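Okay, here's what each chain looks like letter by letter:
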Amino acid sequence: MIRVLAVLFVLVPCCLLAQPKMIRDTVYNPVNTYGQRDLIDIGRDVFNIRPSKVKVEEEKNVYFSFLPISSTVPGGGKALFTSTTAGFYLGNRSTTYISTINFTPYFNFRGRYGLPIRSNIWLKNNDWNIQGDTRVMVYPHYTWGLGGTNDNDDKMLIDYKYIRFYQSALKRIKPYFYAGVGYNLDYYVNIEGHDNSKLKDFTGYRFGTGDSKNSFSSGASLNLLYDSRNNSINPLPGCYANLIYRFNTRMLGSINHWQSLYVDMRKYVSLSNGGPKNVLAFWSYYWTTLSGGTPYLNLPSIGWDPYQRSGRGISQNRFRGDKLIYFESEYRRDITRNGLLGFVLFASINSVSEPDTKRFAYWNPAGGSGLRIKFNKNSGTNIGVDYGMSKGYSAVMVTLGEAF
């Protein structure tokens, strides 16, 4: 664990050295959209729509992006997904980051649905950062058990209803650095395997795997955040670091006492001084349980990071264990000078601890490429179409915003 954390914190000095120049500690460079085009501009040209006053549009403080897609779901069938992102400012945009709310509901005609809402709110002058993640879901998916040695075909379909309520409030301590507390609730209802399969027998794990049982976790968190990015929707050069220590206790209603630690670090490097985007992005996180008793569905698992963006080209839940380490890098480049089209190349590698030795014994690579289409230049929102692949698996992913 010490070696892993040492690798992750190598980026900390880079973050501190890469702080953008500040005026009065709180002034940040606003996004410049001069000469840029997006799908909204194209729509106006096609339908010959012209705003009466350009100034009104430039001073607009709320920007919406919307994307409907259809995708397969575990267990068969398709579901309709709609992804809506709202970007807005709660203060002067030269001193306040853009806030975001993401709403991505999905449903089909077999009683499966999801209503996830995520928010990242920056109050005036970035004095406070309020984060939220609320979900109500019927969520069937496959699981492969613990560790990294299980075959692709050695999987089990499980189903449950899921309620999540995460909220945190962080106060600025010094420029770009925040500290705060939060509350985290996970409620898994009626966990059961399909075809009379028993999750406990399949996984060999005894916490949170009882047939047709519920799993309830409730606890507080301590949060540290460093964020020098102007825009979390489409990060510009800068640095991001986040630490979340979670403590679940029966005093707050949790079935078991258990603790976890999540450390997330990201670095964005511009390869040019101006013109079209030309950026290298790096992401690494370490996620571990700190005590026994963690329910199976709360164990670190690929694709279950806070924003569920890790492991492109790897099936969600493919690897799960007491500890998980993840590295990803991505090259982002504009194709057109006006920023309408771009592309990305990405590669990642991850490992989970083995259930017997608790060591990282197997490493799982993935990679791919993607197309970027600018939906809203004012919020920086892209439509991302990515193709990712790993051993025995490949997938096309359509999203609003960057993966990280």
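Residues numbered from 1 in each chain as written. Predicted model: local features only at pLDDT ≥ 70, side-chain atom pairs only at ≥ 80, totals over all residues. Heavy atoms only, no water.

Undergrad: Sorry if this is basic, but what is going on with the overall build of the protein chain here?
TA: Looking only at helices and strands, one finds five helices and 18 strands in the protein chain. The buried share of the protein chain, reckoned over its 404 residues, is 49%. Looking at the protein chain alone, contacts between residues at least 24 apart form 59% of all its contacts between residues at least 6 apart. (Helix = DSSP H or I, 4+ residues; strand = E, 2+ residues; numbered from the N terminus. Buried < 20%, exposed > 50% of the residue type's maximum accessible area, 1.4 Å probe, protein only. Contact = heavy atoms within 4.5 Å.)

Undergrad: Before we go on, may I ask you to explain the packing of aromatic side chains in this structure?
TA: The geometry of an aromatic ring pair comes down to the distance between the two centres and the angle between the two planes. If you walk through the whole model with that rule in mind, you get 21 aromatic pairs. Consider the rings of Tyr205 and Tyr296, whose centres lie 6.1 Å apart with planes at 55°: the pair is tilted. A residue pair is termed long-range when its members are at least 10 positions apart, and Tyr205 in the loop between helix 5 (199–203) and strand 10 (213–227) and Tyr296 in the loop between strand 13 (278–289) and strand 14 (323–334) qualify at 91 residues. The residues Tyr205 and Tyr296 share a single accessibility class, namely buried. Seen in terms of ring centroids, Phe360 and Trp363 are 6.3 Å apart; in terms of plane orientation they differ by 40°. Their pairing is tilted. One aromatic cluster is present, built from ring pairs that chain together Tyr262, Tyr268, Trp283, Tyr285, Trp287, Tyr326 and Phe404. The ring of Phe404 carries Arg332 above its face, with NZ or CZ at 4.9 Å from the centroid. (Phe/Tyr/Trp six-rings, centres within 6.5 Å; stacked < 30°, edge-to-face > 60°. Lys NZ or Arg CZ within 6 Å of the ring centre and 35° of its normal.)

Undergrad: Please clarify how the nonpolar core should be interpreted in this entry.
TA: Nonpolar side chains in soluble globular proteins generally cluster together in the buried interior. Residues Tyr160, Tyr162, Tyr285, Tyr296, Leu297 and Ile302 are the most contacted members of the largest nonpolar core, which totals 35 residues. Within the residue set of this core, elements represented by two or more residues are strand 8 (156–174), strand 9 (177–193), strand 12 (258–270), strand 13 and strand 14. At five residues, strand 8 tops the list of elements feeding residues into this core. If we skip the residues at most four places from it in the chain, Tyr160 touches Met137, Val138, Tyr139, His141, Tyr188, Val189, Asn190, Ile191, Leu297 and Trp304. (Core = buried A, V, L, I, M, F, W, Y, C linked by side-chain atoms within 4.5 Å.)

Undergrad: Whenever I open this one, the side chain of Asn150 confuses me. Can you help?
TA: Checked against the element boundaries, Asn150 lands in the loop between strand 7 (141–143) and strand 8. At 2.4 Å, the side chain of Asn150 and the backbone oxygen of Trp144 are in polar contact. Residues within four places of Asn150 in sequence aside, it is in contact with Trp144, Gly145 and Arg318. (Polar contact = N/O pair within 3.5 Å; in protein donor to acceptor, adjacent residues only side chain to side chain.)

Undergrad: Would you mind showing me how to read the pattern of salt bridges here?
TA: This structure, assessed with the given rule, holds 15 salt bridges. As a salt-bridge pair, Arg164 and Asp133 come within 2.9 Å of each other at their nearest N and O atoms. Residue Arg164 is found in strand 8, and its partner Asp133 is found in strand 6 (residues 128–138); the two are separated by 31 residues along the sequence. Given the relative accessible area of 6%, Arg164 is considered buried. Measuring nitrogen to oxygen at the nearest pair gives 2.9 Å for the salt bridge that ties Asp386 to Arg312. In this pair, Asp386 is assigned in strand 17 (residues 381–390) and Arg312 in the loop between strand 13 and strand 14, connecting sequence segments 74 residues apart. Grouping residues by exposure puts Asp386 and Arg312 together as buried. Through salt bridges with shared partners, a single network forms among Arg312, Glu328, Glu330, Arg332, Arg372, Asp386 and Glu402. (Salt bridge = Lys/Arg side-chain N within 4 Å of Asp/Glu carboxyl O.)

Undergrad: So what exactly am I meant to see when it comes to the environment of Asn378 here?
TA: Mapped onto the secondary structure, Asn378 falls in the loop between strand 16 (364–376) and strand 17. In the structure, Asn378 is positioned 340 residues away from Asp38 in sequence and 9.1 Å away in space, judged by C-alpha atoms.

Undergrad: What is the right way to read empty space enclosed by the protein from this model?
TA: Any empty space left between the atoms is revealed when a probe the size of a water molecule rolls over them. Taken as a whole, this structure holds two cavities of 30 Å³ or more when the rule is applied. Here the largest cavity defines a volume of roughly 570 Å³. For the largest cavity, the lining is made up of 31 residues, of which Arg164, Tyr166, Asn184, Ile244 and Pro306 are closest to its centre. Breaking the lining of the largest cavity down by element, the ones donating at least two residues are strand 5 (113–122), strand 6, strand 8, strand 9, strand 10, strand 11 (238–248) and strand 12. (1 Å grid on protein atoms, 1.4 Å probe; cavity = no way out; pocket = protein on both sides within 12 Å on 5 of 7 lines; lining within 4 Å. Points joined across faces, edges and corners; volume = space filled by probe spheres on them.)

Undergrad: Explain the pairing of strand 10 to me, please; I cannot follow it from the model alone.
TA: Two faces belong to every sheet, and in a regular strand the side chains alternate between them. Here strand 9 pairs with strand 10 via 13 bridges, running antiparallel. Within the sheet, the bridge partner assigned to Tyr188 lies in strand 10 and is Ser215. Where strand 10 meets strand 11, nine bridges bridge the pair, whose relative direction is antiparallel. In the strand pairing of strand 11, Tyr226 is matched with Ala241. (Pairing = 2+ DSSP bridges.)

Undergrad: What exactly am I supposed to notice about the environment of Tyr188 here?
TA: Checked against the element boundaries, Tyr188 lands in strand 9. If sequence neighbours within four positions are ignored, Tyr188 has contacts with Tyr160, Lys161, Tyr162, Lys213, Asn214, Ser215, Leu297 and Asn298. Side-chain polar atoms of Tyr188 contact the backbone oxygen of Leu297, separated by 3.3 Å.

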